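Survey of secondary and tertiary structure
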Amino acid sequence: MKAVAIVGKKKSGKTTLGLALVQYFTDKGLKVGVIKHSHHGFDEEEGTDTQQYKQIATSVAAYSPSQSFVSWSKEKPLQDLIPLLDADVIVMEGGNKIGWMPRIITVREDDDDKEFFPELALAQIPACTKDNPPSSEEIERLAKLVMEKGFLLPGLNCGACGREFCRDFAADINAGKATLNGCKSTFGKMDVTCNDMPLALNPFVADMLSAGISGMLSQLKGYVPGDLKITIKTGS
Ligand code: SF4
């Protein structure tokens, strides 16, 4: 999965750039998931049915022929939300502290990019507005960068790659000093998928599980050492 964050100061054109990139990828036939981070919650028209339920319920799901969504009344870990997106490309607006994917920084002044971790940047572009958006050539250039160099790390900060934080490993990937398969939580001894989406596994947990499962299965008739594939059917 390709992923990129768009970060920058307020009114630097993050949404303008995000919308243009999402439109570009959608026109190319890709499934695009958008993550929007806000420190202040999300505005919704007062008094609608769903808004009234949301105020008092733990979670609300709604579906209609044209739209479906689930809303929780608390912050959820991003790792829980991403698998729900079912996307080829993820475009995240905001989330400066999330260092598990590279970013495009929209720069309002010459030197205001430092707080946005420029070592994670695929590109920095000048601030833009709805009335003065980036050119279509610029959007194409940025979209190609995302398809070539965009990535998503699990965000477990487990340290198994030799870096304390995923953000340090992401910076090394961005600088060409590491590759994605150095992430031991994604490319470790054990792969677990849920509804065809890979789940990140802490290497310590993966080692325990693989040793335990291999030990149990080795007692069964027909067991031959090698790669194992187990499917647990929990659906109806
Ligand atoms: S191994 Fe993967 S999940 Fe663990 S810190 Fe490194 S990049 Fe993050």
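Starting from 1, residues in each chain are numbered consecutively following that chain's sequence as written. Per-residue local features of the predicted model are confined to residues with pLDDT of at least 70, and side-chain atom pairs are confined, for both listing and counting, to 80 or more; whole-chain, interface and lining totals are unaffected and use all residues. Note that water and hydrogens are dropped before the side-chain values are worked out from all heavy atoms of the structure.

Considering the site of the ligand
Quick reminder of the rule: Neighbouring residues are identified by heavy atoms, a residue being near a molecule or strand if any of them is within 4 Å of it. Of the grid points, spaced at 1 Å and generated over the protein atoms alone, those admitting a 1.4 Å probe that cannot get out make up cavities, while open sets with protein on both sides within 12 Å along at least five of seven lines make up pockets; any residue with an atom within 4 Å of a point is treated as lining. Any molecule with more than half of its atoms within 2 Å of a cavity's or pocket's grid points is counted as sitting in it. Note on residue classes: Ala, Val, Leu, Ile, Met, Phe, Trp, Tyr, Cys and Pro are nonpolar, Asp, Glu, Lys and Arg are charged, and everything else, Gly too, is polar.
Lining the immediate environment of the ligand, one finds Pro-154, Leu-156, Asn-157, Cys-158, Gly-159, Cys-161, Cys-166, Phe-169, Cys-183, Lys-184 and Ser-185. When atom positions are compared with the pocket grids, the ligand is found to occupy the largest cavity. Classifying every residue of the shell around the ligand by side-chain character gives seven nonpolar, three polar and one charged.

Thoughts on the pairing of strand E2 (residues 32-36)
Worth spelling out the cut-off: Partly exposed describes any residue whose relative accessible area lies between the buried limit of under 20% and the exposed limit of over 50%, with all areas from a 1.4 Å probe on protein chains only and scaled to the type maximum. In DSSP terms, a helix is any run of H or I states spanning at least four residues, a strand is any run of E spanning at least two, and both are numbered starting from the N terminus. Any two strands with at least two DSSP bridges between them are considered paired.
Only one face of E2 is covered, namely the face carrying Gly-33 and Ile-35; the face carrying Val-32, Val-34 and Lys-36 is uncovered. Strand direction decides the pairing type here: E2 and strand E5 (residues 89-93), joined by five bridges, are parallel. Residue Val-34 lies in a different strand from E5, and its bridge partner there is Val-91.

Side note on the UniProt feature "domain: 4Fe-4S" (unreviewed entry) in the protein
The test is simple: UniProt positions are given in the numbering used here, feature names are shortened, and annotations may be inferred rather than shown by experiment.
Here the UniProt feature "domain: 4Fe-4S" (unreviewed entry) sits at residues 141-202. In the segment residues 141-202, helix accounts for 29% and strand for 10%; the C-alpha atoms at its two ends are 35 Å apart.

Side note on the pattern of salt bridges
Two side chains of opposite charge can pair, provided their charged atoms sit close to one another. Basically, it comes down to this: Here a salt bridge means any side-chain nitrogen of Lys or Arg lying within 4 Å of a carboxyl oxygen belonging to Asp or Glu.
Enumeration over the complete set of coordinates arrives at six salt bridges. Ionic pairing is found between Glu-93 and Lys-36, a salt bridge with its closest N-O pair at 2.7 Å. Remark: Lys-36 occurs in strand E2 and Glu-93 occurs in strand E5; sequence separation between them is 57 residues. The class of Glu-93 is buried, set by a relative accessible area of 14%.

Here's the deal with the environment of Ile-6
Along the polypeptide, Ile-6 turns up in strand E1 (residues 2-8). In sequence terms Ile-6 and Ala-121 are 115 residues apart; their C-alpha atoms lie 9.4 Å from each other.

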